[in-house]
Every structure is written in C-alpha cells, then in structure tokens.
Amino acid sequence: MKNFTKLFCVIALCLLGLTSANAKVEQVHATFQNPTNTNTTWDGETRTFTWSTTWYNQLRNIGLPSGDITKYKKLVVDCKMVTGTQFRILFYKGGSNLTLYAKDGVNEFIIKDELEALAPNDYNEYLLQCDEICISGDNGTAPGEAIINDVYLETYNDEGEKVYATFENPSNTNTTWDPDTHTFTWSTTWYNQLRNIGLPNGDISKYKKLVVDCQMVTGTQFRILFYKGGSNLTLYAKDGVNEFIIKDELEALAPNDYNEYLLQCDEICISGDNGTAPGEAIINEVYLETYPENESVDIPDIVVEEQPEKPAGYLDFTEVFPDANPRLGVKMGNGEVVVGQRSKDVIAADLTPYSAFTIVATPGLKMVLYMNHEVDAQQNAGDYAESDAGKYVFLEVQADENGMCTVDLTQYNEAKLHCLCLPWDNSNKGTVWYLLLSDESTVGINEVTAERNNVFYDLMGRQVIQPSKGLYLVNGKKVVKR
C-alpha cells in the first residue's frame, strides 16, 4: 500500500546536451533521501538501497516530475544487485500504480510501451496524471540490497510531447471496441463513433501532428472527427500509419474558421466510414504530438461577430411569444442551431395575425424553417420528405448581404412556425440576432426600411435581383409586379 506521507526535498535537475547541434534530449535525474519507515534504508555515500520486508519498502525518488510525463520517452535505471535479482519501479496515479522491474545492469524502459502493455485501456491516465515514481523492494523476496548508480527520465529526441489515446466501450450498439485486440467495428454508416479517452479538450493549437496507426480489416478507411460544439471537421484514416499535420489539414477543410477548431476543440473521436458499413479496423495507436520547442505556428484569433443594431418599427418575436423562448445570439461560428436545439425542438408559434416574419442574421446565413407541421425532435428534414410529403412546409431561406431575410406569411391560411434551425453544414455558420414580425397596421416600417426600397423577395423569402412579373415582398408588403 502506498505511503502517502509527503516529503519535502531538494530537486536535482541535470540537463545533458548531446553532441548533435539539433538534438534536444533532456534528462531529469533522481535524487533520494532517507525513507520514512524502518523497512528500507538509503546510504547517500554508497548509493545503497536496502529493504527488509516484501511490502511497505518504498524509497521515494526525489526529482522525478509529477503530473504530465508524456514528454518523456525513456526511464533509465542503472543499478547493481547485491542481494536478490530485481526490485520494483512504481508509477503512481492516485492510490494505484503500474509496476516495472529493474534487474542488474542498465535498464532502459520505453515508458509509453511499457505502461501500455500493463494497462492497455488506461495507461494514458498514468502518462497524463502520474503523481509519483519511486523504487521499491521486490515484493517476492526480502531482505534485498541494490546499488543505485543512476535513475533518470529522458525526453523524446528533438520531438514534441506525445499524448496517446485510449478507448472505452461505445455508448451505442452500432460500434464495438475490443481492447485486447484493439479492434474497432461499426455496423452502420452513421452514429458509429468510438470516443477517444485521453485526447485533450479545448485548445489543441500546441499539437502539430495527429498520428493514427491502423490496419483495415474490412473497408478501406474510417473517419477522424474534430468536434467543436455540434459541428465537426473530418479526416480519413486508411491502412497503415497516417500522419496528419493538424493545422494544414483543418485549414484546407475550413479556410475561414479552422482556427475555431484548433482553439475550441471539445472532442476528437474515430468513427466508421459514412459510405461503407459494416467495417472493421485494428487501431494500433492514436496520438497527438506537440510542436518541438524550436517550432511553432501562428493561429489566427477567433473573430467574434459584432451584434448589429436592432431595426426599429418591428414587433419583437420574443415579446409576442414569450413562451417560445428561442435561443438567439449563439456564439459566432459554432454551427449550432440558433432557435431551438439541433434536434429541432418545437416552437409552435401561431404567426397567422402577421404579414411577414423577418430574420436578422449573419449576412448570407442559410436557415431552415419548419412551418405548419409539428416537428419530431428526432427526425431529420429528409425523413419528412419521404414519410410526410405534402403535410408540412419546409423552407430553406438565406439572409442577404445585409443579414436580412423576410418570409411572406400571407400565403398561408394558417401560419405556424414550429422550428428555425441551421442545416447540418460545416461551411454555414453564423448567428441569428433578431426575430421580427410585421403587421400591415404597423407604422414606421416604410421609414425604417427606406434605404432598402426596391429590394424584392419571392414568397420563399429569397432576394430577387431582376424580378419579372409576379407577386413579391417589398419592405414587408406584398407587391404585384405587372
């Protein structure tokens, strides 16, 4: 059982340079002090460690770092066994530990490989949350004695830190994960994600590379999803070792807002191929690697959209329908639904008394309106098209260059808005700032929209640059062009 007594000590750090000018290997050497129990002794002059029992025989290593040890590639233990054949090296995380064994001579442990072999499902937690490394007598033989010539951790050679992914059983029945064989299977083309445990959340701009080492058993590829809110950017891993330079890959996919995924990434996961199912892949390893100390890149700051001034003379939707409670002013660029949830929560506002419904949004923002139909929160628009054709009105609308979009409500005998949402489109992101209503008896509309005279919209709310004969909306009013 681990001795939790906290020891105050002097940390001895020795940074050893290599002959190569480019190599940047750093070594952190351990020092020791007298143990706090009577089962072990440490002679600082002869560097002799002895233990008299098989348990409670730990010698604390002072100088080995606590917490994140992912930047360290190797643990080296140089020792001479005087009595017995081995002793233990304990990697602690909380009250649990993973145990390696040092024998006579120079022992070189590749930390990640050794810990993964011991705990394939959660070794990454020990790399990220190691709170102590210490040596301990052999738990099978006592008494024992060893001369400890040196103990040190060594960083990766001119490389960045590596953070390895581990996995857990998925929460749906469309995927399976076998930790013994590292096999990932998926049975459907969608909803087939396997969550990665251990990959960091939030700012991932310090990571240069994502490496996915895999073997395809069935199919040719699977997806790597970088999530931010409800939207994602997708890379594809094929058979072999896939090395993705993250900034370059994400910028190619989303040149206007890739920085948001680097600065606000809340999950990275693997997912089955959305074109082929079932599928199977052996995932040897997945890890993120930071930029080396001598290399970095500039990531543009996230530009937050400035809220426009609310137009005067309109009725405010949120005041007319306080119970509808739409979510407005969603943070710029997160791709989430702006009114209701992405699952299309029902709003059910009766707009029949009003002549027009106006949306003030990010210029060019595409939106979807569900009119005159009770929306199933779990059903997608495409599902409605097949099962409920003709029973609802599904409007695709888009804000113009001024961020305005108007829908004529007089075309309906009964006009009920059930939901407003964004399409599932990673290139279409923005904010809905205001929902406004027009009534033919409302005063001030013409004055407010005077600067927008002669702007024509069809009955779907789309701007018409060169209107021909027909019925249009101009300044919130129906106009017949002859």
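A quick note: this is a predicted structure, and the numbers were derived from the prediction, not measured.

1. Structural notes on the environment of E114
Tracing the backbone through its elements, the reader meets E114 in helix α1 (residues 111–118). Look at E114 and you get partly exposed, because its relative accessible area is 31%. A sequence separation of 14 residues divides E114 from L100, and the C-alpha atoms of the two residues are 7.8 Å apart. Excluding residues that lie within four positions of it along the chain, E114 makes contacts with L100 and F109.

2. Here we look at empty space enclosed by the protein
Using the criterion set out here, one finds 3 cavities of 30 Å³ or more in the structure. By volume, the second largest cavity is sized at about 60 Å³. Along its surface, the second largest cavity is lined by E116, P120, N121, Y123, A165, T166, F167, W177, H182, N284, E285 and V286. Tallying contributions element by element places strand β22 (residues 279–290) first for the lining of the second largest cavity, with 3 residues. Here the lining of the second largest cavity is composed, by residue class, of 6 nonpolar, 4 polar and 2 charged.

3. With respect to the confidence of the model for the protein chain
In the predicted model, the protein chain carries a mean pLDDT of 78, and the fraction of residues at 70 or more is 76%. The model gives residues 1–23 a pLDDT under 50, and that stretch makes 41 contacts with residues more than four places away or in other chains. Scored below 50 in pLDDT, residues 331–344 makes 61 contacts in the model with residues more than four places away or belonging to other chains.

4. Here's the deal with the sheet that holds strand β8 (residues 96–103)
As summarised here, the arrangement of the 5 strands in space is β2-β5-β10-β7-β8, forming an open sheet in which the pairing is antiparallel. On the outer flanks of this sheet lie β2 (31–32) and β8, each paired with one strand and no other. By the bridge criterion, 3 bridges tie strand β5 (residues 58–62) to strand β10 (residues 132–136) in an arrangement that is antiparallel. Paired with R60 across the strands is C134, a residue of β10.

5. A look at the side chain of N259
Along the polypeptide, N259 turns up in helix α4 (residues 258–264). A polar side-chain atom of N259 sits 3.1 Å from the main-chain carbonyl oxygen of D301. The residues contacting N259, other than those within four sequence positions of it, are I299, P300, D301 and I302.

6. What about the pairing of strand β29 (residues 416–421)?
Buried residues dominate β29, accounting for 5 of its 6 residues. Sheet topology places strand β24 (residues 349–350) next to β29; 2 bridges connect them, and they run antiparallel. Pairing of A349 across the sheet is with L417, part of β29. As judged from the 4 bridges shared by strand β26 (residues 366–371) and β29, these two strands associate in the antiparallel manner.

7. Considerations on the sheet that holds strand β21 (residues 267–271)
Within a sheet, each strand pairs with its neighbour through backbone hydrogen bonds, oriented either parallel or antiparallel. Taken in spatial order, the 5 strands make up an open sheet running β13-β16-β21-β18-β19, and their pairing is antiparallel. Each having just a single partner strand, β13 (166–167) and β19 (231–238) make up the two edges of the open sheet. Along the sheet, helix α3 (residues 246–253) makes contact with β18 (221–228) and β19, crossing β19 at roughly 120 degrees.

8. Overview of the pairing of strand β14 (residues 175–178)
Of the two faces of β14, only the one carrying T175 and W177 is buried; T176 and D178 on the other face are not. The pairing of β14 with strand β15 (residues 183–186) spans 4 bridges and is antiparallel. If you follow T175 over to β15, its bridge partner there is W186. The hairpin formed by β14 and β15 contains 4 residues between the paired strands, and H182 there has a positive phi angle of roughly 60 degrees.

9. Here we look at α3
Inspection of α3 places I246, K247 and L250 among the buried residues, and these make up the whole buried set. Down the axis of α3, the buried side of the element spans an arc of 90 degrees, and every buried residue falls inside it. In this structure, the buried residues of α3 make contact with β17 (207–218), β18, β19, β20 (240–245), α4 and β22.

10. Quick look at the packing of aromatic side chains
The tally for this structure, following the rule as stated, stands at 9 aromatic pairs. Relative to Y164, the ring of Y123 lies with its centre 6.4 Å away and its plane at 55 degrees, an arrangement referred to as tilted. Of this pair, Y123 sits in helix α2 (residues 123–129) while Y164 sits in strand β12 (residues 162–164), and the two are 41 residues apart along the sequence. Among the aromatic residues, those joined into a ring-pair cluster are F49, W51 and F87. Here the guanidinium or amino end of K93 rests over the ring plane of Y126, the centre of that ring lying 5.3 Å away.

11. Observations regarding the pattern of salt bridges
Overall, the coordinates contain 12 salt bridges when judged by the stated rule. Among the salt bridges present, the one from R195 reaches E267, with a minimum N-O distance of 2.9 Å. Placement of R195 in strand β16 (residues 193–197) and of E267 in strand β21 is noted, with a sequence separation of 72 residues between them. Its relative accessible area of 32% is what places R195 among the partly exposed residues.

12. Here we look at unusual backbone geometry
At the junction of A142 and P143, the peptide bond is cis and its omega measures out at -5 degrees in the coordinates. Within the fold, P143 resides in the loop between β10 and β11 (144–155). Look at the link from A277 to P278: it is a cis peptide, with omega at -5 degrees. Among the structural elements, P278 can be located in the loop between β21 and β22. Positive phi is not limited to glycine here, since R47 has a value of about 55 degrees.

13. As for the environment of P170
The residue P170 is located in the loop between β13 and β14 in this model. Between the C-alpha atom of P170 and that of N196, which follows or precedes it by 26 residues, the distance is 9.6 Å. Other than its neighbours up to four places away in sequence, P170 contacts T175, T176, W177, Q193 and L194.

What counts, and at which threshold
In every chain, residue numbers begin from 1 and rise along the written sequence. Local features are withheld for residues below a pLDDT of 70 in this predicted model, meaning they are given only at 70 or higher, and side-chain atom pairs are given and counted only at 80 or more; totals for whole chains, interfaces and linings count all residues. Derived side-chain values reflect all non-hydrogen atoms in the structure, with water molecules and hydrogen atoms excluded from consideration. A run of H or I in DSSP counts as a helix once it spans at least four residues, and a run of E counts as a strand once it spans at least two, with each numbered from the N terminus. Relative accessibility decides the category of a residue: with a 1.4 Å probe and only protein chains considered, values under 20% of the type maximum give buried, values over 50% give exposed, and everything between is partly exposed. Any two residues whose heavy atoms approach within 4.5 Å are treated as being in contact. Put plainly, a pocket is an open set of points on a 1 Å grid over the protein atoms alone with protein on both sides within 12 Å along at least five of seven lines, a cavity is a set where a 1.4 Å probe fits but cannot get out, and a lining residue has an atom within 4 Å of a point. Grid points are joined across faces, edges and corners, and a volume is the space filled by probe spheres set on the points. Just so you know the grouping, Ala, Val, Leu, Ile, Met, Phe, Trp, Tyr, Cys and Pro go in nonpolar, Asp, Glu, Lys and Arg go in charged, and all remaining residues, Gly too, go in polar. A score between 0 and 100, pLDDT records how confident the predictor is in each residue. Pairs of strands are assigned from DSSP output, requiring at least two bridges between the strands. Pairing of N or O atoms within 3.5 Å defines a polar contact, subject to two protein rules: one partner must be a possible hydrogen donor and the other a possible acceptor, and residues neighboring in sequence count only if both atoms are side-chain atoms. Here an angle of 0 to 180 degrees is reported between the N-to-C directions of two axes, which are lines fitted to C-alpha atoms, with helices fitted over the stretch in contact. Summarising the geometry, the arc corresponds to the directions from the helix axis toward the C-beta atoms. Aromatic rings from Phe, Tyr and Trp, with only the six-membered ring used for Trp, were paired whenever their centres fell within 6.5 Å, and each pair was classed as stacked if the ring planes differed by under 30 degrees, edge-to-face if by over 60, and tilted otherwise. Geometrically, a charge over a ring is one whose NZ (Lys) or CZ (Arg) sits within 6 Å of the ring centre while staying within 35 degrees of the ring normal. Salt bridge, as applied in this entry: a Lys or Arg side-chain nitrogen positioned within 4 Å of an Asp or Glu carboxyl oxygen.

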